[in-house]
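Descriptive structure summary
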Amino acid sequence: MLFSRIQLYLLIGAAFLLGAVGIYVNGVQRGIDRTKRKIDERRLDNMHTAKEVQNEVEILDDVDLVRRASEWVRKSDD
């Protein structure tokens, strides 16, 4: 009688412990998914920005491109 009661308590404790571990693992997985989603959104934003810059450069003629690039290029050391 005492042995079966101990088994019942152990079974209930194990079920509770497994449930708690399952909830924890599920939360960790949701956090990982959220982080991956944020990384994907940033990657898409960066791709859109790069495409916009590429389109602007294609639109510019050579004179405008040289003028704008000279602002970012180091001056000569003459």
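Our subject is the structure listed above.
Residues numbered from 1 in each chain as written. Predicted model: local features only at pLDDT ≥ 70, side-chain atom pairs only at ≥ 80, totals over all residues. Heavy atoms only, no water.

1. Here's the deal with the overall build of the chain
Our working rule: By the criteria applied, helices consist of DSSP H or I runs no shorter than four residues and strands consist of E runs no shorter than two, each listed in order from the N terminus. C-alpha atoms define the radius of gyration in this analysis, and the globule rule sets the expected value at 2.2 Å times the number of residues to the power 0.38. Per-residue accessibility, obtained with a 1.4 Å probe over protein chains only, is compared with the maximum for each type, and a residue is labelled buried under 20%, exposed over 50%, and partly exposed between these values. For the accessible areas, the method is Shrake-Rupley and the probe is 1.4 Å, while residue cover comes only from the protein chains on display.
Looking only at helices and strands, one finds two helices and zero strands in the chain. A globule of 78 residues ought to have a C-alpha radius of gyration of about 12 Å, yet the chain, at 31 Å, is considerably larger. Taken over the C-alpha atoms alone, the chain extends approximately 95 × 30 × 10 Å along its principal axes. Within the span of the chain, comprising 78 residues, buried residues form 0% of the whole. Accessible surface, the chain as shown: approximately 7800 Å² in total, 62% of it carbon and sulfur.

2. Here we look at a nonpolar patch on the surface
Quick note on the threshold: Patch membership requires over 30% relative accessible area and the absence of a salt bridge. Like charges are linked within 9 Å, and nonpolar side chains (Val, Leu, Ile, Met, Phe, Trp, Tyr) within 5 Å. A side-chain nitrogen of Lys or Arg and a carboxyl oxygen of Asp or Glu constitute a salt bridge if their distance falls within 4 Å.
Residues Leu17, Val21, Tyr24, Val25, Val28 and Ile32 make up a contiguous nonpolar surface patch of about 560 Å² in total accessible area. Following the sequence through the fold, Ile32 ends up in helix H1 (residues 2–59). Taking the relative accessible area as the measure of exposure, Ile32 reaches 37% and is therefore partly exposed.

3. Regarding a positive patch on the surface
Put simply, the rule reads: For this count, His and the chain ends are skipped, Lys and Arg are scored as positive, and Asp and Glu as negative. Working definition for charges: the position is that of NZ of Lys, CZ of Arg, CG of Asp or CD of Glu.
A cluster of basic residues, Arg30, Arg34, Arg37, Lys38 and Arg42, forms a positive patch at the surface. Within the secondary structure, Arg30 is located in helix H1. A relative accessible area of 53% places Arg30 in the exposed class.

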